[in-house]
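Here's the letter readout for the chains.
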Amino acid sequence: MEHSQLSNEEFERFREFIWHLCGICIAENKLTLLTNRLKRRLRATGIETYQAYFDFLKSRAGASELSGFLDAITTNETSFFRTEKHFEWLSTEFVTEMLARIRKREHEETIRVWSAACSTGEEVYTIAVCLEEARRKSPVWKFELMGTDISQEVLERAKAATYSLATIKDLPDGLKKRYFESLGPDAFQVKSSIRDRVKFLSHNLIAPPPANRFDVVFLRNVLIYFNRESKQKVIEQIVKSIRPGGYLVIGPSEGIFDMLPMLKRIHPFVFQKEIPSK
């Protein structure tokens, strides 16, 4: 059965539902885009109309479909070392500061980092590679990483950690050799020594964080899909998860620079949670 385009009324109904569910604001000019993505779920579930699908999503029986629905409507675009200066800061200024604090016994030996919209894993594995490269020079510390996303589909791909040659071709040869193993002519997997450092969880950014006391949270290239009210909710939750003295790294297009008065700006893309005065 070929499904027609969403009516304006149906479009607005789904837009409101998506916003309440996860904070993502579907733009008013995205009717065709949302229609095409919902068509996939109608075909997958065998449900004949958008209204019946909407009613199913809101029912108790439809709870198991929410993951597939969110997979369909979310956009996941990422790459290794995306916005490289962020990782230069992580590998230099951040690591230098943390090592000094660890040596002075002002910080435990484990550094904790959260990639809060990790998509298919490129960001969190880039973080892992940067930290492991730094640790090779001074192995007196450890790190733990958490990657979260609302899409179960991309989380499964992140856990598999398998990427095409095109995805990793621009990485330095040394990094490819140390951290990837070939599974075939066009399949490369992140080595287990790095994969095992990452814990992946499903998480809705407007919900309370799944853990706290992170030294760094990466929140990049995701809030562009949220309206101002949703952004504020996300920021409130994220800031709770950062330990005093910890950092938030954001993307260049998040539109939240005026919404971070509780954090100190260190760089245009790095903000620090201040340590309360004694």
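A quick note: this is a predicted structure, and the numbers were derived from the prediction, not measured.

Rules used throughout
- Residues numbered from 1 in each chain as written.
- Predicted model: local features only at pLDDT ≥ 70, side-chain atom pairs only at ≥ 80, totals over all residues.
- Heavy atoms only, no water.
- Helix = DSSP H or I, 4+ residues; strand = E, 2+ residues; numbered from the N terminus.
- Rg over C-alpha atoms; globule rule 2.2 N^0.38 Å.
- Buried < 20%, exposed > 50% of the residue type's maximum accessible area, 1.4 Å probe, protein only.
- Contact = heavy atoms within 4.5 Å.
- Areas by Shrake-Rupley, 256 points an atom, 1.4 Å probe, with all protein chains shown as cover.
- Lys, Arg positive; Asp, Glu negative; His and termini not counted.
- Charge placed at Lys NZ, Arg CZ, Asp CG, Glu CD.
- Pairing = 2+ DSSP bridges.
- Axes fitted to C-alpha atoms, helices over the stretch in contact; angles between N-to-C directions.
- Salt bridge = Lys/Arg side-chain N within 4 Å of Asp/Glu carboxyl O.
- Parallel < 35°, antiparallel > 145°, perpendicular 65-115°, else oblique.
- Nonpolar A, V, L, I, M, F, W, Y, C, P; charged D, E, K, R; others polar.

Caption draft 1: Looking closely at the overall build of the protein. Per the secondary structure count, the protein includes eleven helices and ten strands. Taken over C-alpha atoms, the radius of gyration comes to 20 Å for the protein, in line with the 19 Å a tight globule of 278 residues would show. With the principal axes as the frame, the protein shows a C-alpha extent of 65 × 55 × 30 Å. Sorting the 278 residues of the protein into buried and exposed places 50% on the buried side. Taking the intrachain contacts of the protein between residues at least 6 apart in sequence as the baseline, contacts between residues at least 24 apart amount to 72%. Within the structure as shown, the protein displays about 13,900 Å² of accessible surface, and the carbon and sulfur contribution to it stands at 49%. When the 42 basic and 37 acidic side-chain charges of the protein are each reduced to a single mean position, those positions are 5 Å apart.

Caption draft 2: View of the sheet that holds strand β1 (residues 110-115). On the basis of which strands lie adjacent, the open sheet formed by seven strands has the order β6-β2-β1-β7-β8-β10-β9 and mixed pairing. Both edges of this open sheet fall to β6 (198-202) and β9 (263-267), since each of them pairs with a single strand only. Each strand of the sheet is rotated relative to its neighbour by a mean of 20°, with strand direction disregarded. Bridging between strand β7 (residues 214-219) and strand β8 (residues 242-250) involves five bridges; their strand directions are parallel. Within β8, the position partnered with Leu 219 by the bridge is Ile 250.

Caption draft 3: Layout of the pattern of salt bridges. Counted under the stated rule, the structure contains 17 salt bridges. Across the pair Arg 41 and Glu 65 runs a salt bridge whose closest N-O atoms are separated by 2.8 Å. Taken together, the residues Arg 41 in helix α2 (residues 31-45) and Glu 65 in the loop between α3 (50-57) and α4 (66-73) connect sequence positions 24 residues apart. Here Glu 65 falls in the buried class, since its relative accessible area comes to 7%. For Asp 170, the salt bridge is made with Lys 169, and the minimal N-O distance between the two is 3.3 Å. Classification of Lys 169 by relative accessible area gives partly exposed; the value is 48%.

Caption draft 4: View of the packing of helix α1 (residues 8-22) against α2. Between α1 and α2, whose axes approach to 11 Å, the crossing angle comes to 80°. What the angle tells us is that α1 and α2 run roughly perpendicular. Residue-level contacts link Asn 8, Phe 11, Phe 14 and Ile 18 of α1 to Leu 31, Leu 34 and Leu 38 of α2. Broken down by class, the residue content of the contact of α1 with α2 amounts to six nonpolar, one polar and no charged.

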